[in-house]
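This is what each chain is made of:
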Amino acid sequence: MTRDLRGFIKQLEQRGQLRRITALVDPDLEIAEIAQRMLQKGGPALLFENVKGSSHAVAVNLMGTVERVCWAMNLEQPAELETLGKKLALLYQPRPPKTVPQAIALGQALFDVLKAKPSRDFLPPCHQIVLKGEDVDLTKLPLLRVYSGDANKVVTLGLMITKDCETKTVNVGVYRLQLQSKNTMTVQWLSVRGATRHLRKAAERGQKLEVAIALGVDPLIIMAAATPLPIDLSEWLFAGLYGGQGVHLAKCKTVDLEVPADSEMVLEGTITPGETGVDGPAGDHMGFYGGVNEAAPLLRFQCITHRKDPIYLTTFSGRPPKEDAMMALALNRIYTPILRQQVPEIVDFFLPMETLSYKTAILAIDKAYPGHARRAALAFWSALPQFTYTKFVIIVDKDTNIRDPRAVVWAIASKVDPARDVFILPNTPFDSLDFATEKAGLGSRMGIDATTKMPPETDRVWNTPLESDPDTAAMVDRRWAEYGLADLNLGEVNPNLFGYDMR
């Protein structure tokens, strides 16, 4: 991986997608308020160079648009993400190739795995400055407090690295950490995450769990860590597959773990099983304050290493649009080929940002038989682990533009009979942060069949939808300039002209 965070920031600046802020700003609420306004309008990334209470610069909104997420992954267009997804689909469930092209494709994918193997850096930039013992002071970091009701400042884009004490398998995840004191933080995570399994195993053996937090890494590595892995690959290998070459790793100073060598900063510490702190409330991705966790695992840090003049990379959660929503839109494209391999009738699928990037899925299927839409919805819920908490699934015909909300709403309004086409699965495992459910961790799911119906789904004749006459449409295309209308740009649609209030 020849690029690091600084290289990506330079790339954004060269493309006119970065603003440097030299005015004094406060990490307590002020930076988040500025970034929030930029995110709402798809504005540029921000680098705050004069932060109150800290000597470190703060970078935020680096992946605030899908375009910049693509750049982070060394791609230019969202469509290229599906090409990457096809490569990963070959590795998800390897099957004996039946043709020469299939054999070549599988061989190339396996070769890419070999190229993605991590390498070691023995003089890493992240070890330019080493602080231990009493010199460790987390309060000197420019951590953000985002919302006025937040209990304290938080870390949001740190890679947490842990290791299984039995198998030595490494897990890399992105979790929210809350400041507790100059050398302690609490962590908020789901019980199904890899790091929680590592902590349970350490507890069974009566051992502390070693932890490293890598801050300010190449955003490509963050994307790899945020991807729920469909195969038994380490996140480092996955990042290498994303980037086309292996990640440079460096051994930590006080724990037996490895971190990206070009990290801006690394926090090294341990979790003692049973040692906890009070975490929250804090704003989360649902758009509400999360609850208080009275027994969140407590991390004690004994070492901080960092580059000279480190840059603190951060983000924050909340109602979309936010950076995590942009990342999810990119991951949506990567998942598409993997999902097609699991459920072949799915032509395309979309997880709208406004539905928190996972609460509602829109599936376009090539419908072949009665009940096909319902089967596709049920298959979707079980296809990949990350779809477990999808609350609504809307199924439409393959010719419906699933990324146009007007087309989807029209399909629902014109093709759905609620009694026949809506089905609900009660009492299924659910996201505990979803306050709409009656009980935490247990909720229902809804499928909506908005496809064209066929017998015996309906006894009525389903008439042909209205379309322009193709010959007339072609003639109008040819004569458009002759009408004196060539200066009109009809490709850009202002939704406010149709009764919406989009701000």
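Our subject is the structure that appears above.
Keep in mind that what you see is a predicted model, and the values were worked out from it rather than measured.

Thresholds applied
Residues numbered from 1 in each chain as written. Predicted model: local features only at pLDDT ≥ 70, side-chain atom pairs only at ≥ 80, totals over all residues. Heavy atoms only, no water. Helix = DSSP H or I, 4+ residues; strand = E, 2+ residues; numbered from the N terminus. Rg over C-alpha atoms; globule rule 2.2 N^0.38 Å. Buried < 20%, exposed > 50% of the residue type's maximum accessible area, 1.4 Å probe, protein only. Contact = heavy atoms within 4.5 Å. Areas by Shrake-Rupley, 256 points an atom, 1.4 Å probe, with all protein chains shown as cover. Lys, Arg positive; Asp, Glu negative; His and termini not counted. Charge placed at Lys NZ, Arg CZ, Asp CG, Glu CD. Pairing = 2+ DSSP bridges. Salt bridge = Lys/Arg side-chain N within 4 Å of Asp/Glu carboxyl O. Axes fitted to C-alpha atoms, helices over the stretch in contact; angles between N-to-C directions.

Colleague: What am I meant to see in the overall build of the chain here?
Modeller: Per the secondary structure count, the chain includes 13 helices and 21 strands. Taken against the 2.2 N^0.38 rule, which gives 23 Å for 503 residues, the C-alpha radius of gyration of the chain at 25 Å falls within 12% of a compact globule. When the backbone C-alpha atoms are referred to their principal axes, the chain occupies close to 80 × 55 × 55 Å. Residue burial in the chain is summarised as follows: out of 503 residues, 50% are buried. At a minimum sequence separation of 6, the contacts of the chain that also span at least 24 residues come to 70%. Accessible surface for the chain amounts to roughly 24,200 Å². Of this, 54% is attributable to carbon and sulfur atoms. Mean positive and mean negative side-chain charge positions of the chain (57 and 59 charges, respectively) differ by 3 Å.

Colleague: Help me understand unusual backbone geometry, please; the structure alone is not making it clear to me.
Modeller: Excluding glycine, most residues fall at negative phi; most peptide bonds, likewise, are trans. Going from Pro 320 to Pro 321, the amide bond is cis rather than trans, its omega being 5°. On the secondary structure map, Pro 321 appears in the loop between strand S16 (311-313) and helix H9 (323-342). Here Pro 455 and Pro 456 are connected by a cis peptide whose omega angle stands at 0°. Backbone geometry places Asn 61, a non-glycine residue, at a positive phi of 70°. Relative to the helices and strands, Asn 61 resides in the loop between strand S3 (57-60) and helix H3 (66-72).

Colleague: Hey, could you run me through the pairing of strand S9 (residues 176-181) in this one?
Modeller: Side-chain positions along a regular strand alternate between the two faces of the sheet. Where strand S6 (residues 154-155) lies against S9, 2 bridges are found, and the strand directions are antiparallel. When the bridges of S9 are listed, Val 154 appears paired with Gln 178. Between the end of S9 and the start of strand S10 (residues 184-188), which pair antiparallel, lie 2 residues.

Colleague: Teacher, can you tell me more about the pattern of salt bridges here?
Modeller: A side chain of one charge can pair with a side chain of the opposite charge when the charged atoms of the two come close. If you walk through the whole model with that rule in mind, you get 29 salt bridges. Several salt bridges converge on common partners, so that one network encompasses Asp 4, Arg 6, Glu 264 and Arg 307.

Colleague: Could you clarify how one ought to interpret the sheet that holds S3 in this entry?
Modeller: Backbone-to-backbone hydrogen bonds join strands into a sheet, with any given pair of strands oriented parallel or antiparallel. The mixed open sheet is built from 4 strands, whose spatial order is S1-S2-S3-S16. Strand pairing shows two members of the sheet lacking a second neighbour, strand S1 (18-21) and S16, which therefore form its edges. Along the sheet, successive strands turn relative to each other by an average axial angle of 20°, direction set aside. Relative to S16, S3 runs parallel, the two sharing 3 bridges. Counterpart to Val 58 in the pairing with S16 is Tyr 312. The sheet strands contacting helix H2 (residues 30-40) are strand S2 (45-48) and S3, and the helix crosses S2 at an angle near 160°.

So, to be careful, I would describe these as geometric facts and stop short of saying anything about function.
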